Every structure is written in structure tokens, then in C-alpha cells.
Amino acid sequence: IRAVTPLRNGGIIVELDSEELATWLREPTGRALLEEQFESTVSFRSRTFALVLEYLPIRLQLDDASLLRRVEIENNLPADSLSTIRWIKPVARRSAEQRKA
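Residues numbered from 1 in each chain as written. Predicted model: local features only at pLDDT ≥ 70, side-chain atom pairs only at ≥ 80, totals over all residues. Heavy atoms only, no water.

Undergrad: So what about the side chain of E72? Which residues, and what values?
TA: Tracing the backbone through its elements, the reader meets E72 in helix α3 (residues 67–74). Those residues in contact with E72, other than ones at most four positions away along the chain, are L77, P78, A79, D80, S81 and L82. (Helix = DSSP H or I, 4+ residues; strand = E, 2+ residues; numbered from the N terminus. Contact = heavy atoms within 4.5 Å.)

Structure follows, in C-alpha cells:
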């Protein structure tokens, strides 16, 4: 374990030092062993992070359900590591000559 951060609501955030340990704790066996160490219920929450990508072709169809999965595969990202995608600037505010966003 790299760090433990107490929260104001009584919860804690545990930062792990390896992906292998995080994967193991997501499995039923690892989770059960961790829960045995606490007197209260343990809940796991995945953290999400916003990424800003510049210069994407505006012809990309962001509403295509398979787009996120294709981006994950093409960039060697774990499955379901991307949750949502959207344009920062509303489509209606683009100029007629704009080709990338």
C-alpha cells in the first residue's frame, strides 16, 4: 500500500503501489480478505479522470457505441477504461472551415 487517506465522511482512500494488487483486490477472494480486516462494509469505487485530446477530426462520430472500445484497443488500454467522450466546444459554435477540434 502506497498511501491511506482518511476522508471527512469517515471513509478512507487506499492508494496501492501495483496494478497486480489492485486487480487481486477486485477479485472475490482478495476483496473478502480485505473486508475481514475492517469492522464496517468495504465498497470499491473506480476513479475516473478527464482527458482533453486536441486536434481530433470533427468527422468522428462520438455517438458511435463502439468508438470508445476501438480507441481502447488501438491504444492498448484496458477494456472499459474509457467511460464517456464529448466535444468541449458545442458543435453549433464551430466555424464552417473547422476540420479539427
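Resuming the write-up.
Undergrad: I'd like a rundown of the packing of helix α1 (residues 19–26) against helix α2 (residues 28–36), residues and numbers included.
TA: Between α1 and α2, the least distance of the axes is 4 Å, while the angle of their chain directions is 85°. It follows that α1 is roughly perpendicular to α2 by the angle criterion. Where α1 abuts α2, its residues W24, L25 and R26 lie against P28, G30, R31, L33 and L34. Residues of the contact of α1 with α2, tallied by class, amount to 5 nonpolar, 1 polar and 2 charged. (Axes fitted to C-alpha atoms, helices over the stretch in contact; angles between N-to-C directions. Parallel < 35°, antiparallel > 145°, perpendicular 65-115°, else oblique. Nonpolar A, V, L, I, M, F, W, Y, C, P; charged D, E, K, R; others polar.)

Undergrad: Residues and numbers for the side chain of R94, please.
TA: With respect to the secondary-structure elements, R94 resides in the segment after α3. For the buried R94, no salt bridge exists, and the shortest N-O distance to an oppositely charged side chain is 11 Å, to D63. Apart from residues no more than four positions distant in its own chain, R94 is found in contact with I58, W87 and K89. (Buried < 20%, exposed > 50% of the residue type's maximum accessible area, 1.4 Å probe, protein only. Lys, Arg positive; Asp, Glu negative; His and termini not counted. Salt bridge = Lys/Arg side-chain N within 4 Å of Asp/Glu carboxyl O.)

Undergrad: Could you give an account of α3, with specific residues and numbers?
TA: Residues that lie three or four places apart on an α-helix share one face, since the helix turns once every 3.6 residues. Along α3, the residues that are buried comprise L67, L68 and E72. Projected down its long axis, α3 shows its buried positions confined to an angular sector of 135°, all on one face. Looking at α3, the residues exposed on the side facing more than 90 degrees away from the buried face are I73 and E74. Among the residues trailing α3, N76 stands out with phi positive, at a value near 55°. (Arc of directions from axis to C-beta.)

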